[in-house]
Amino acid sequence: MIAVGVAHAAALAAIHAASFPAEERWTVEAMAQQLAQPGVFGFVDPDGGMVLGRVAADEAEILTLAVAPSARRQGRGRALLEAAFAEMTARAAAKVFLEVSTANTGARALYAAVGFTEIGRRRRYYHDGADALLMRRDLALSLPGAAPAL
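All of these numbers come straight from a predicted model, not from anything done at the bench.

Student: Please clarify how the pairing of strand β4 (residues 59–67) should be interpreted in this entry.
Tutor: Along any regular strand, the residues point their side chains to alternate faces of the sheet. For β4, a buried count of seven out of nine residues is recorded, marking the element as mostly surrounded by other parts of the structure. In this structure, strand β3 (residues 49–56) lies alongside β4, joined through eight bridges in antiparallel fashion. Its bridge partner lying in β4, G53 is registered against I62. Pairing analysis gives three bridges linking β4 to strand β5 (residues 95–101), with the strands arranged parallel. Of the residues in β5, the one forming a bridge with A60 is V96. Crossover connection from β4 via helix α3 (residues 76–90) to parallel β5: handedness right-handed.

Student: Just checking my understanding: could you explain the nonpolar core for this structure?
Tutor: Side chains that are nonpolar tend, in soluble globular proteins, to be buried together. Grouped together as the largest cluster of nonpolar side chains are 26 residues, with contacts concentrated most on I62, F85, M88, V96, Y111 and F116. Looking at this core, the elements with two or more residues in it are β2 (40–45), β3, β4, α3, β5, α4 (105–113) and β7 (132–138). Counting residues in hydrophobic clusters, the runner-up holds 15 residues, among them V4, V40, M50 and A66.

Student: Would you explain the packing of aromatic side chains in this entry?
Tutor: To describe a pair of aromatic rings, you give the distance between the ring centres and the angle between the ring planes. Going through the model one piece at a time under the given rule, you end up with four aromatic pairs. For the ring pair F41 and F43, a centre distance of 5.9 Å and an interplane angle of 65 degrees mean the geometry is edge-to-face. Note on F41: relative accessible area 5%, which makes it buried. The interplanar angle of 85 degrees and the centroid separation of 5.1 Å between the aromatic rings of Y125 and Y126 together place this pair among those described as edge-to-face. The exposure class of Y125 is partly exposed, given its relative accessible area of 44%. Note on Y126: relative accessible area 16%, which makes it buried. By way of ring pairs, the aromatic residues F85, Y111 and F116 are connected into one cluster.

Student: What exactly am I supposed to notice about the sheet that holds β7 here?
Tutor: Strands in a sheet are paired, the pairing made by backbone hydrogen bonds, and the direction either parallel or antiparallel. Spatially, seven strands are ordered β1-β2-β3-β4-β5-β7-β6 in an open sheet, and the strand pairing comes out mixed. Edge positions in the open sheet fall to β1 (2–4) and β6 (117–122), since each of these has one partner strand only. Between one strand axis and the next, the sheet turns by 25 degrees as a mean value, whatever way the strands run. Examined bridge by bridge, β1 and β2 share three bridges and lie antiparallel to one another. Looking at the pairing, A3 lines up with F43 of β2. Against the sheet, α3 makes contact with β2, β3, β4, β5 and β7, and its axis sits at roughly 155 degrees relative to β4, the strand it touches most.

Student: Please clarify how the pairing of β3 should be interpreted in this entry.
Tutor: Of all eight residues in β3, six are buried; the element is thus mostly enclosed. With six bridges joining them, β2 and β3 adopt antiparallel strand pairing. The residue bridging F41 from the neighbouring strand is G53, located in β3. With antiparallel pairing between neighbouring strands as the criterion, β2 and β3 make up a hairpin whose turn holds three residues, including G48 at a positive phi of roughly 125 degrees. The hairpin turn running from β3 into β4, its antiparallel successor, is two residues long, and A57 in that turn takes a positive phi close to 55 degrees.

Conventions we followed
Residues numbered from 1 in each chain as written. Predicted model: local features only at pLDDT ≥ 70, side-chain atom pairs only at ≥ 80, totals over all residues. Heavy atoms only, no water. Buried < 20%, exposed > 50% of the residue type's maximum accessible area, 1.4 Å probe, protein only. Helix = DSSP H or I, 4+ residues; strand = E, 2+ residues; numbered from the N terminus. Pairing = 2+ DSSP bridges. Right-handed = clockwise from strand over helix to strand, strands pointing away. Core = buried A, V, L, I, M, F, W, Y, C linked by side-chain atoms within 4.5 Å. Phe/Tyr/Trp six-rings, centres within 6.5 Å; stacked < 30°, edge-to-face > 60°. Axes fitted to C-alpha atoms, helices over the stretch in contact; angles between N-to-C directions. Contact = heavy atoms within 4.5 Å.

That is the geometry; function is a separate question.
In structure tokens form, the structure reads like this:
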């Protein structure tokens, strides 16, 4: 994973555009604005994935995670989340939150596999009318399937 900054906004927007429907895509300007905010960080997988996160006090949020369709089901999403979790932990966050569409079954499965649990729902939140699931994970948890620390 490569840590990113504002200079990477176009590359992040391209991955996002390949990964989401038109009405949910983040523009280059949106990426740059997010990365310029205090507490925001990002990582890119050069083979087609990106994640943006934010830390404020002891809470963190996954702002967006995208893996291009041609790069899915290869562990990239999980690796991006692991990099984000490590960064969040280094910045003293204790828990992380995210929102995901009920229609996005692949993302929901990934988030469940790394320990996120549903804590709420926003009805008809997305453009297609799908609900948003609000999810949380404690960062102190080890990742399911991770090797034990020695």
